[in-house]
Amino acid sequence: MFPVELSGTRARTLMWAHEHEVDPAALQQLRALARMEWVHGVRVMPDVHVGKGATVGSVIAMRDAVAPAAVGVDIGCGMESVRTSLTAADLPDSLHSLRSRIEAAVPVGFSAHEGPVDVTRLQAELAGPRASLRTGWERFWGAFGDLDSGVQSRESKAHKQMGTLGGGNHFVEVCLDSEDHVWILLHSGSRNIGKELAERHMKVARALPHNRNLVDRDLAVFLSRTSEMDAYRRDLTWAQEYAARNRAVMLALVCKAVRDEFAALPVHFEQPISCHHNYVAEEVIDGVPMLVTRKGAVRAGAGDLALIPGSMGTRSYVVRGKGNPASFQSASHGAGRRMSRNAAKKQFTVADLVAQTEGVESRKDAGVIDEIPAAYKDIDEVIAAQQDLVEVVATLRQVLCVKG
């Protein structure tokens, strides 16, 4: 059944969704993208929907060029998960106390830690669970001074936001798999520092002479072997690492909160699974070196483990990639929105949110109506559409969700 070819494009565009099921505005974005001279090919995932600048759920292979909008402003955004030794039988009837403990440990929304997280102390307090806090912190922070001069005043804020969730569709969840094992699952990215870096480079790209005739100036590109491309790749790489480290610190903070909540039990953690879904990578496509951007898509190379979440009242999936070259070895990053945040706020009420998140310990107020499950596509249909891209390793259902 899939893929199907999108009509009216210059660069070959294959979709794991039917054209009539995709928002016309998203199709317009995809066609504009596929007309660009630097684009070798575009692949469209089943969670596709309109994005700022470039379409969410798109995988773009470019020759000697990259469009910052095809990565997005949340550089390095992605998922992290770990299976614990706890089971459903260990959980109390109410998870409110655990949610409060997690919310106290991990700042959400625009909040930050009062001071930088002491990662050495945190690792010691966890007594070495396999939710690793990474090494190389001195090297990482030492590179901040090399970033764009416009963000140098943000270093203190970047330190304090390391290990924080943010808002929107970012979350921390406690889930159960089909065998009643307890998992921790979280979704976040490079926070304000990634956003500022992305926006500064997008502004630079829009002003470059080779982008003046683009139909959509938001798709402005940097070209290889230029100082502008070198500066963007430098800052992009750092922000992608920030995002990965941010999730590692958050996961450790949540692991500690879980361990503290279940102090009477020996709680252990398996090897975590981590994946970006807004990033750039150098890959060989159709035998040619390319710069591949995935915006709302994960790498699904043969054997790659990835995480595909649904919404706060449905299911999420742990998957293993099949390495399908037709998709540029990619898969979806989630369910994908089927309506905008504003539309969701207009259509649904708090009562709807309460009904759709029944059985999940979570916020149930007007501040998160835009994250109501009905605002998202059916995650099971999204998974079914990409059977040739991934195999399901575990199915997780949420029992607790923390939102910003």
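Residues numbered from 1 in each chain as written. Predicted model: local features only at pLDDT ≥ 70, side-chain atom pairs only at ≥ 80, totals over all residues. Heavy atoms only, no water.

Draft legend 1. Quick peek at the sheet that holds strand E4 (residues 56–62). If you trace the 6 strands from one edge of the open sheet to the other, you get E1-E2-E3-E4-E12-E11, paired in mixed fashion. Looking at the sheet topology across the chains shown, the edges are occupied by strand E1 (4–5) and strand E11 (278–285). Sheet analysis places E4 next to strand E12 (residues 288–295), joined by 5 bridges and oriented antiparallel. Bridge pairing in E12 links Val-59 to Arg-294. Across the sheet, helix H1 (residues 24–34) touches strand E2 (12–15), strand E3 (39–49) and E4, and the angle it forms with E3 is around 165°. Across the sheet, helix H7 (residues 227–261) touches E11 and E12, and the angle it forms with E11 is around 115°. (Pairing = 2+ DSSP bridges. Helix = DSSP H or I, 4+ residues; strand = E, 2+ residues; numbered from the N terminus. Contact = heavy atoms within 4.5 Å. Axes fitted to C-alpha atoms, helices over the stretch in contact; angles between N-to-C directions.)

Draft legend 2. Representation of the layout of surface pockets. Here the largest pocket is characterised by a volume of approximately 1300 Å³. Val-73, Asp-74, Asn-169, His-170 and Arg-341 are the residues nearest the centre of the largest pocket, which is lined by 48 residues in total. Counting only elements with at least two residues in the lining of the largest pocket, the list comes to helix H5 (155–161), strand E7 (171–176) and helix H6 (191–206). Residues that form the lining of the largest pocket fall into these classes: 13 nonpolar, 21 polar and 14 charged. Taken together, the elements giving at least two residues each to the lining of the second largest pocket come down to E3 and helix H10 (379–384). Element by element, the count of residues in the lining of the second largest pocket is highest for H10, at 3 residues. Among the residues forming the lining of the second largest pocket, the class breakdown is 10 nonpolar, 1 polar and 4 charged. (1 Å grid on protein atoms, 1.4 Å probe; cavity = no way out; pocket = protein on both sides within 12 Å on 5 of 7 lines; lining within 4 Å. Points joined across faces, edges and corners; volume = space filled by probe spheres on them. Nonpolar A, V, L, I, M, F, W, Y, C, P; charged D, E, K, R; others polar.)

Draft legend 3. Just the packing of H6 against H7, in detail. At a minimum axis separation of 9 Å, H6 and H7 run at an interaxial angle of 165°. Taken together, the axis directions place H6 and H7 in an arrangement best described as roughly antiparallel. Handedness of the H6/H7 crossing: left-handed. Touching Arg-191, Ile-193, Gly-194, Leu-197, His-201 and Val-204 of H6 are Glu-228, Ala-231, Tyr-232, Asp-235, Trp-238, Ala-239, Tyr-242 and Asn-246, all from H7. Looking at the contact of H6 with H7 residue by residue, the classes come out as 8 nonpolar, 3 polar and 3 charged. (Parallel < 35°, antiparallel > 145°, perpendicular 65-115°, else oblique. Left-handed = near helix turned anticlockwise from the far one by under 90°.)

Draft legend 4. Highlighting the UniProt feature "binding site: Mn(2+) 2" (unreviewed entry) in the protein chain. As recorded in UniProt, the sites labelled "binding site: Mn(2+) 2" (unreviewed entry) are His-187 and His-277. Spanning 91 residues, the named residues nonetheless gather at one spot, since no C-alpha pair among them exceeds 10.2 Å. The annotated residues that sit in the lining of the largest pocket are His-187 and His-277. With respect to the element layout, His-187 can be found in strand E8 (residues 181–188). We classify His-187 as buried; its relative accessible area is 5%. Apart from residues no more than four positions distant in its own chain, His-187 is found in contact with Cys-77, Gly-78, Met-79, Leu-165, Asn-169, His-170, Phe-171 and His-277. For His-277, the location among the structural elements is in the loop between strand E10 (273–276) and E11. On the basis of relative accessibility, which here comes to 2%, the residue His-277 falls in the buried class. Excluding residues within four positions of it along the chain, His-277 makes contact with Cys-77, Gly-78, Met-79, His-187, Arg-294, Lys-295, Gly-296, Ala-297, Val-298 and His-333. (UniProt positions renumbered as here; feature names shortened; annotations may be inferred. Buried < 20%, exposed > 50% of the residue type's maximum accessible area, 1.4 Å probe, protein only.)

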